[in-house]
Amino acid sequence: MTVRVSKPEFNLREKLSELDKPVGTHGNEILKSSSLQETCAIVGSGRKNFVINGGFEIWQRGLSWNSFNSTRYTADRWLQYAAGGSTITVTRQQFTHGQVEVPGNPRYYYRMDNTPDADGTWLELFHRIEDVRRFSDVPVTLSFWMRANKPQLDLIDQINVSQNFGTSGSSLVTVTSPKFNISTQWQKYEFTFDLPSIAGKTINVNSFLQLHWIRPSAVAADTYYDLAQVQLEYGRGATPFEQRPYSEEFELCERYYQLYGGLGNASGEHGTSEYNGGNTNGFHAYPGWCWADSSSSTRITLRQRMRRQPDISIIGTISGGTGMGNGKYGIYGGNTNQWQNPGQWIVNDINDHSFRISASSYSGLGLGNAVGYYMYGGAGFTVNAEYPTTYTP
C-alpha cells in the first residue's frame, strides 16, 4: 500500500526572515537577492577599485617636486594643479610602521604643500580613469583618508566627479560632493555620486571619468594636505581599500608611463625629482644593425601596449670613446669594435607597443655590422601615454 504525505508549499526566504537572527539590514538584502550577480553587487565582491595607484606606491617620475607653478603629473596617474601665480610642493610621505590611524598598514601617502607661498594657492588634485563608457547611469562611491596640518573648518573643500567625453566630444558633465571640513587627524571620507546616463553623448578618443579634489578659494599660507588610500567603486557604500599586489599595480601604471634604459628601479621610483637618483646601476644595451657606414638602428619593444601612441624622450648626454658612465649613452661596435664618436639619436616609427632608435652622423660603423646601443644609469627613455595635463575643472 502506498501512502502519500503532502505539506503546503512555503517560501524559504520568508521563513528565514522570520527567524530571530541578528542578520541586520545588509544580511536581509543578501537573503532577498535572487541571483549571483545581485548578491555580488550587494557584497562588493571581485575587483573593485577603479583608481590606479590609489595607495601612492608608484612614483616613476620622482619622489618630490619643490615649488613648481605648472600643472604636472607627480605620483603615477596623479595630476597636480599649480598656477603661474602660486607654487606647490609635492612629496611622497611614509607612514610610521605599525600606526593604527589608517587601517591596512599602508606604506605611503601623498602630500601637497603650498609652503612658503602666500595666501594665494588653490589646492587641487586630479585622477583620470580611462573610458567614460564604464560610468553611465550608475552609482559610484569614492572613499579616501585625508588630513591637513591646519584645520580647514570653513566647509569649502569638495570633490567634483566629471564625465569627460574625449577630444571634441560632448560637453563635460559634473556631479559635486557636499562640501566638507578637514581636520589635523586622519579621517575617512565617503561620498556617493549618481552618475548620469551617457545616452546621446558624442564620445571620442581620450574619454575619461575625472576625480577632482578642489578647494575653490585660497588656502592659508604654509598649509599642506595629506591623502591616502583612494578608492572608487560601483555601488552606494565604501568597502575596505583593495590591496592589489605591487607588481600588478606597477603594471597598471605602465599602460600610461614607462621607463627604459638606466632610469628608475624595481620599486618604480626615482629617489629625487626629475631623473637624479633612484636609477638602476651599470649599463643597459640594445642590439642594433648598421644599414649604412654612418647609420644604424634598433627597435625597442614595450613591456605592454600603452593607452595611445606614446611621446618618447631621450634622457642623458650622448658620448663616445671617452667619458662613458652615469648619465651617458652611446654606441659600441662597428668596424673598430670600440666606442664610436658621438653622432645623433632620434626616436621614430612609434606605435603603442614599440619604437625605433635611429643613429646617424657616425663614422666607421660599417655596413652590415652589429652594434650595441648602451645607456648607463641615469640615461634612458621616458615613454608617456598619459592624458594631457590640460586643466579641466
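In this text the structure is predicted, and so the values were computed from the model without any measurement.

*Asks:* I keep staring at the sheet that holds strand β7 (residues 138-148) and nothing clicks. Help me out?
*Replies:* The strands that make up a sheet pair up through hydrogen bonds in the backbone, lying either parallel or antiparallel. Read from one edge of the open sheet, six strands run β1-β4-β5-β13-β7-β11, paired in antiparallel fashion. Only two strands of the sheet have a single partner each, and these edge strands are β1 (64-68) and β11 (187-195). Across the sheet, the axes of successive neighbouring strands diverge by a mean angle of 30 degrees, strand direction being ignored. Pairing of strand β5 (residues 108-113) with strand β13 (residues 224-234), which is carried by four bridges, proceeds in the antiparallel orientation. Looking at β13, one finds that Asp 113 is bridged to Tyr 224.

*Asks:* Hey, could you run me through the pattern of salt bridges in this one?
*Replies:* When the charged atoms of two side chains lie near each other, side chains of opposite charge can form a pair. All chains considered together, the criterion is met by 16 salt bridges. Between Glu 130 and Arg 255 there is a salt bridge, and its shortest N-O distance comes to 2.7 Å. Taken together, the positions of Glu 130 in strand β6 (residues 124-130) and Arg 255 in the loop between α4 (246-253) and β14 (257-261) put the pair 125 residues apart, joining distant regions of the chain. Classification of Glu 130 as buried rests on a relative accessible area of 19%. Residues Asp 349 and Arg 299 are paired through a salt bridge, measuring 3.0 Å at the closest nitrogen-oxygen approach. Remark: Arg 299 occurs in strand β16 (residues 296-301) and Asp 349 occurs in the loop between β21 (344-348) and β22 (354-360); sequence separation between them is 50 residues.

*Asks:* For this particular structure, what's the right way to read the pairing of β14?
*Replies:* It is a general feature of regular strands that their side chains alternate between the two faces of the sheet. The buried fraction of β14 amounts to five of the five residues, a majority that puts the element mostly inside the structure. Both β14 and strand β24 (residues 380-384) contribute to a ladder of five bridges, which runs antiparallel. Opposite Leu 259, over in β24, you have Thr 382 as the bridge partner.

*Asks:* What exactly am I supposed to notice about the pairing of strand β8 (residues 152-164) here?
*Replies:* In this structure, β8 lies alongside strand β10 (residues 180-182), joined through two bridges in antiparallel fashion. Directly across from Asp 157, in β10, lies its bridge partner Phe 180. Relative to strand β12 (residues 208-214), β8 is paired through seven bridges, and the arrangement is antiparallel. Each bridged residue has a counterpart across the sheet, and for Gln 163 the counterpart in β12 is Leu 209. In the sheet, β8 pairs with strand β9 (residues 173-176) via four bridges, with the strands oriented antiparallel. Bridge assignment links Ser 162 to a residue of β9, and that residue is Thr 174.

*Asks:* I'm lost on the sheet that holds β14 in this one. Help?
*Replies:* One open sheet holds the three strands; their spatial order is β14-β24-β17, and the pairing between them is antiparallel. Since the sheet does not close on itself, it has two edges, and those belong to β14 and β17 (311-315), each with one partner. Recorded for the sheet is a direction-independent mean angle of 15 degrees between the axes of neighbouring strands.

*Asks:* Would you explain unusual backbone geometry in this entry?
*Replies:* Comment: phi is negative for the bulk of residues other than glycine, and the bulk of peptide bonds are trans. Non-glycine residue Asp 137 carries a positive phi angle of around 55 degrees. You can see Asp 137 is positioned in the loop between β6 and β7. Here Ser 361, not a glycine, exhibits a phi torsion of approximately 65 degrees, which is positive. Along the chain, Ser 361 falls in the loop between β22 and β23 (370-376). Residue classification places Ser 361 among the exposed residues on the basis of a relative accessible area of 53%.

*Asks:* How should the packing of aromatic side chains be read in this particular structure?
*Replies:* Given two aromatic rings, one states the distance between the centres and the angle between the planes to describe the pair. Enumeration according to the criterion identifies 31 aromatic pairs in this entry. Residues Tyr 81 and Tyr 391 carry aromatic rings whose centres are separated by 4.8 Å and whose planes lie at 50 degrees to one another, so their mutual orientation is tilted. Of this pair, Tyr 81 sits in the loop between β3 (78-80) and β4 (88-94) while Tyr 391 sits in the segment after β24, and the two are 310 residues apart along the sequence. We classify Tyr 81 as buried; its relative accessible area is 18%. Taken together, the ring pairs connect Phe 56, Trp 59, Trp 65, Trp 78, Tyr 110, Phe 144, Phe 180, Tyr 189, Phe 191 and Trp 213 into an aromatic cluster.

Definitions and limits used
- Residues numbered from 1 in each chain as written.
- Predicted model: local features only at pLDDT ≥ 70, side-chain atom pairs only at ≥ 80, totals over all residues.
- Heavy atoms only, no water.
- Pairing = 2+ DSSP bridges.
- Helix = DSSP H or I, 4+ residues; strand = E, 2+ residues; numbered from the N terminus.
- Axes fitted to C-alpha atoms, helices over the stretch in contact; angles between N-to-C directions.
- Salt bridge = Lys/Arg side-chain N within 4 Å of Asp/Glu carboxyl O.
- Buried < 20%, exposed > 50% of the residue type's maximum accessible area, 1.4 Å probe, protein only.
- Phe/Tyr/Trp six-rings, centres within 6.5 Å; stacked < 30°, edge-to-face > 60°.

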